[in-house]
Amino acid sequence: MGFAYCEELLKQNYNIIGVARETKSLQKLQTQYPHLDIQAWDYDLSDLKNCHSLFARAIKFNVSLLINNAGYGVWGLFKDTDLEKELNMIDLNIKALHILTKLFVKHFVEKNCGRVINLASIAAFAPGPVFSTYFASKAYVLSLSTAINTELKKQKSLVRVISVCPGPIKTDFWSRSEYQNTNKKPPKIKGMTPEKFCHQSLKRH
Ligand SMILES: NC(=O)c1ccc[n+]([C@@H]2O[C@H](COP(=O)([O-])OP(=O)(O)OC[C@H]3O[C@@H](n4cnc5c(N)ncnc54)[C@H](OP(=O)(O)O)[C@@H]3O)[C@@H](O)[C@H]2O)c1
């Protein structure tokens, strides 16, 4: 969905900074949108010091919108799942998102403008047996974002922190996360395309 968000923002004439561990796919967008500035930065955001480096570098670009999209899931019975993988997922889904939200909200509040969109999930609304830590991480994202947004509104700030809660979307998430290290094939997802979801979520927020 990160790629689809980048593409949708370019269509709307935004300059973008795309961040992932590997951002080569963004290069083809540069030929499609030569008049816009496309920064492609490789960071592993589960290494939390990279969140601080990313922020320090990004604020030189007059950022007005942060989308915390990077995330994955670890599938399996809690008694069997790999602790290190789960802790890495917590670092990415929760701690990196928390740090970036904190740094950008403080920055946006000083300017009294700016938006954060945090990718939660429909998984945020209920416990998820066999996907327990992922569901819990998304509950954290929804709860945190909603509370910060309420604070901002009460303080009459123009800054907003919005969480979006997609249902199943056809992305690599399913092959990467849910069925990793199992012999099962990833399920056929009947949900929305990432392009449609990202278009609609940006239109609404
Ligand atoms: N697909 C769904 O059905 C669905 C539903 C609800 C919510 N979501 C949420 O939507 C978000 C996007 O998921 P997706 O479906 O687009 O999954 P995806 O296709 O697996 O993409 C995940 C993105 O996160 C980046 N990423 C992963 N680990 C990273 C790390 N350590 N540091 C920096 N970037 C990292 C990946 O790039 P690199 O691998 O190059 O780092 C990739 O761009 C996630 O937060 C997910 O939980 C997805």
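Please read all numbers here as calculations on a predicted model, not as lab measurements. (Residues numbered from 1 in each chain as written. Predicted model: local features only at pLDDT ≥ 70, side-chain atom pairs only at ≥ 80, totals over all residues. Heavy atoms only, no water.)

1. Examining helix α7 (residues 194–204)
Three or four residues apart is the spacing at which side chains of an α-helix point the same way, because the helix has 3.6 residues per turn. Worth spelling out the cut-off: For every residue, the accessible area obtained with a 1.4 Å probe (protein chains only) is divided by the maximum for its type, and the residue is called buried under 20%, exposed over 50%, and partly exposed between those limits. Helix and strand definitions here come from DSSP, where helices need a minimum of 4 consecutive H or I residues and strands a minimum of 2 consecutive E residues; each element is numbered from the N-terminal end. Working definition: the arc comes from the directions between the helix axis and the C-beta atoms, pointing outward to the latter. Contacts between residues were defined by any pair of non-hydrogen atoms, one from each residue, lying within 4.5 Å.
Considered for burial, the residues of α7 that qualify are Pro194, Phe197, Cys198, Ser201 and Leu202. Buried residues of α7, seen end-on, are gathered within an arc of 120° and therefore sit on one face of the element. For α7, exposure combined with an orientation more than 90 degrees from the buried face picks out Lys203 and Arg204. In this structure, the buried residues of α7 make contact with α1 (2–11), β3 (65–68), β4 (115–119) and β5 (160–164).

2. Here's the deal with the site of the ligand
The test is simple: In this text, near means that some heavy atom of the residue lies within 4 Å of the molecule or strand in question. Pairs of N or O atoms are called polar contacts if they sit within 3.5 Å, as long as, within protein, a hydrogen donor faces a hydrogen acceptor (for residues adjacent in sequence, only side-chain-to-side-chain pairs). Surface exposure here means Shrake-Rupley accessible area, sampled with a 1.4 Å probe, where a residue is shielded only by the protein chains that are shown. Residue type decides the class: Asp, Glu, Lys and Arg count as charged, Ala, Val, Leu, Ile, Met, Phe, Trp, Tyr, Cys and Pro as nonpolar, and the leftover types, Gly among them, as polar.
Around the ligand sit 26 residues in total, of which Met1, Arg21, Tyr134, Ile169 and Thr171 are the nearest. At 2.9 Å, a backbone N or O of Leu45 approaches a nitrogen atom of the ligand. Between the ligand and the protein, one listed contact pairs an oxygen atom with a backbone N or O atom of Asn69 at 2.8 Å. Protein chains bury 92% of the 880 Å² of accessible surface belonging to the ligand in isolation. Among the elements of the structure, α5 (132–154) and α6 (173–178) are those that each provide at least two residues to the shell around the ligand. Broken down by class, the residue content of the shell around the ligand amounts to 14 nonpolar, six polar and six charged.

3. Topic: the pattern of salt bridges
What counts here: Here, a salt bridge means any Lys or Arg side-chain nitrogen found within 4 Å of an Asp or Glu carboxyl oxygen.
Applying the stated rule across the entire model yields three salt bridges. Measuring nitrogen to oxygen at the nearest pair gives 3.6 Å for the salt bridge that ties Asp91 to Lys95. With Asp91 and Lys95 both in helix α4 (residues 83–111) and four residues apart, the pair spans about one turn of that helix.

4. Description of the nonpolar core
The following threshold applies: Take the buried residues of types Ala, Val, Leu, Ile, Met, Phe, Trp, Tyr and Cys, join any two whose side-chain atoms come within 4.5 Å, and each joined set is a nonpolar core.
Among the nonpolar cores identified, the biggest contains 37 residues, and Leu45, Leu100 and Phe104 are the most heavily contacted of them. Only α3 (49–58), α4, α5 and α6 provide two or more residues apiece to this core. Per element, the largest residue contribution to this core is ten residues, and it comes from α4. Here Leu100 is in contact with Leu45, Cys51, Leu54, Leu66 and Asn68, once residues within four sequence places are set aside.

5. Quick notes on the pairing of β3
The condition is simple: For two strands to be treated as a pair, DSSP must find at least two bridges joining them.
In this structure, β3 lies alongside β4, joined through four bridges in parallel fashion. Within β4, the residue paired with Leu65 across the bridge is Arg115.

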